[in-house]
Structure formats: C-alpha cells, structure tokens
Amino acid sequence: MDTHFISITDLNPLQIRSVLDLSEELKRELSADGANRELLKGRTMLMFFEKPSLRTRISFEIGMTQLGGHAIYLTPADVGLGSRERISDVARVSSSMADILMARVFKHEVVTELAAHSAAPVINGLSDLEHPCQILADLLTIREKKGDLSGLKLSFVGDGENNVTHSLCLASAMLGMRFACASPHNLTMNKEIVKKARSLACADAIMETHDPVEAVADADIVYTDTWVSMGDEKERTTREQLLRPYQVTKSLMKKAKPEAIFMHDMPAYRGLEVEVEVIDGIQSVVFEQAENRLHAQKGLVGYLLGCKR
Ligand code: NVA
C-alpha cells in the first residue's frame, strides 16, 4: 500500500480508527510484555529534518527500534532538499532503498513534492500547514481520557494560523467533534483549511471567534500551542503582543466543562501561551499526550506498511 500521510485527511475516519486501534494494541503489548513483536523487522525509515525536533524524532526513531526496524536521521547539511539536490531526485533515490520516508519541512509543498515522486509512503512530520502526526497522538490521548471522540468539543485558543490548529480542525470535522478556534484578527486559520473542514462536518461544527471565553464554553478539551512557531521567529514581538489576551489561564479553564482536559503539543512556554498553574495542574494531560507520540507513530508506520495484527 503506498498511502502517503501528508494531511490528516489522507486517512479516512475508519483508517484513523484503525491506526489508533493498532497504536493502543502496541502500547498495551509494550507495557504488558516489556517489548513489542518485531512487526517492522528489516524495515528502514528515512527521516529528513529541516527544523529542530524532540518528540517527532525520538518517537519515530524509538518506535522503529521497538518494532525491530531502523530509522536514519538526516539533517539539511546531509541532504539539502531542493538545494543540493532536486526534491524529486531525493524522493526517487531514497524510496528505492528505504521502506518509508518522513520529512519535517518549512514549506508544505516540499513534502507534497517528495510524496509525488516517492515509491514508498511519505509521512509529514510537520510543515507550515499541518502537523498530522501530532494529531494522531492527540486523538489517542483524548480517546483514553474521554472514550468516544464523537460529540466532544475541542477548543483551541491562540495562534489560528498554525499547523497544529489546522490539523486539529480537520480531524475534528472528520470525527464528529465540535471545534472552536479563538484567535486574533491577523492570526486566524487558513481559509482553505476552514472551507475543507466545513465540507467534512455538520454545518455548525466549526466555529471561529476572537473571544477565548466564547470558544471554551462547554469545552471537553482546551488546547493551545506556542505563539511563535518554527519559521515565525521574526514576528515574535508582534505575535506576543497580539496573542497576550489568548493565554490559557486558570480562570479561562473555569469557563470550560469542570472535567475538561488541557492539551499542548509542546514545546510549551509557561507564562506565555499557558499559565504554569494550568500546564502543571491537574487538568493537564500534556505528558501523557507527549508519550502517546511514540505509540501513535508506531501505529501509523505499522498501518502504512501493512503490518498484520
Ligand atoms: N506550531 C509549532 C508546533 C511544534 C511542534 C511549530 O510549528 O513550531
């Protein structure tokens, strides 16, 4: 199967559920037996990184090892995607040797072009437009905490013009969750993403507002991300000013459901997008969410490489 995973919408709801089921099964197996079956014995993943990474790199690398396979980490100095070598040439050569590719890039078009020329599945490990791998781990965490995803309300507060926000919005639309995004005027979600999400959801399931209190009303999940994503560093001062009223505070959490959970994909900046009392408080699930990157990434690679369960 040569399915790429560039957008969260590259998997349909049934396929997302299969990935989450496999992730859960591998998580249970690892915890019960102390090891996984070697589902990916002899398989190799190539990982191209144009940007820094903690969770994405270690979850794929450890995940491949635990499943009996191998991952190779390549920096821009090693490869020079699109500068030292054409993206199409990199894709053809890499996929003639490796079983699966993963790329973390600045421009979304780089990962779509890799996929267009690759004979092996390509995974988007974060681009300026989407971060679908993160969202699989988020869905796994939400399922563990809340059970069925359908009918839940997920509220994102902060930078709307953001890869994580976009993938969350699309996933919510596909899986029957309500999604609300509170962001300032100049940092709203990409219009095409909102249009696509609305076409996948019931009419009123996707809400955009500039008011954080309105967004979190009745929320089961309150989610935020850094105000300055990788690549946005030149806009730091403006962004911090614009986003200051969007900090997730204890008092904002009180406007959500009393049993609401707090999520953040990390790296997190305490005192900026989130108050320390929230991220380190009892409603926060951020460390379970981060650990679930490992389990979700194993489920994803296993699914894309057609592992029998
Ligand atoms: N929106 C963030 C996500 C980091 C995992 C960024 O792109 O930097």
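Right, let's walk through the structure included here.

Analysis parameters
- By convention here, each chain's residues receive numbers from 1 onward along its written sequence.
- Per-residue local features are limited, in this predicted model, to residues with pLDDT of at least 70; the limit for side-chain atom pairs, both in listing and counting, is 80 or more; totals at the level of whole chains, interfaces and linings are taken over all residues.
- Only hydrogens and water are set aside when side-chain values are computed; all heavy atoms of the structure are taken into account.
- For two strands to be treated as a pair, DSSP must find at least two bridges joining them.
- What counts as a helix is a DSSP run of H or I of at least four residues, what counts as a strand is a run of E of at least two, and both are numbered from the N terminus.
- Orientation is described by axes fitted as lines to C-alpha atoms, over the contacting stretch for helices, and by angles from 0 to 180 degrees between their N-to-C directions.
- The labels follow the angle: roughly parallel below 35 degrees, roughly antiparallel above 145, roughly perpendicular from 65 to 115, and oblique for the rest.
- In this scheme the crossing of two helices becomes right-handed for a clockwise turn of the near helix relative to the far one and left-handed for an anticlockwise turn of less than a right angle.
- In this description, contact between two residues means that some pair of their heavy atoms is separated by no more than 4.5 Å.
- Note that Gly is not counted as nonpolar here; it falls among the polar residues with everything else outside the nonpolar set of Ala, Val, Leu, Ile, Met, Phe, Trp, Tyr, Cys and Pro and the charged set of Asp, Glu, Lys and Arg.

### Concerning the sheet that holds strand β6 (residues 178–182)
With parallel pairing, the 5 strands of this open sheet are ordered in space as β7-β6-β5-β8-β9. Each of the sheet's edge strands pairs with one partner strand only, and the pair in question is β7 (206–209) and β9 (261–264). Each adjacent strand pair in this sheet contributes to an overall mean axis angle of 20°, direction not counted. Looking at chain direction, strand β5 (residues 153–157) and strand β8 (residues 221–224) are connected through 3 bridges and run parallel. Of the residues in β8, the one forming a bridge with leucine 154 is isoleucine 221.

### A word on the packing of helix α6 (residues 132–146) against helix α13 (residues 286–304)
Helix packing for two helices is described by the angle between their axes and how far apart those axes are. Interhelical geometry of α6 versus α13 gives an angle of 115° and a closest axis separation of 8 Å. In terms of axis orientation, α6 runs roughly perpendicular to α13. Crossing angle aside, the handedness with which α6 passes α13 is right-handed. In this structure, α6 uses Cys133, Gln134, Leu136, Ala137, Asp138, Leu140, Thr141, Glu144 and Lys145 to contact α13, whose residues at the interface are Glu288, Gln289, Asn292, Arg293, His295, Ala296, Gln297 and Leu300. Grouping the constituent residues of the contact of α6 with α13 by class yields 6 nonpolar, 6 polar and 5 charged.

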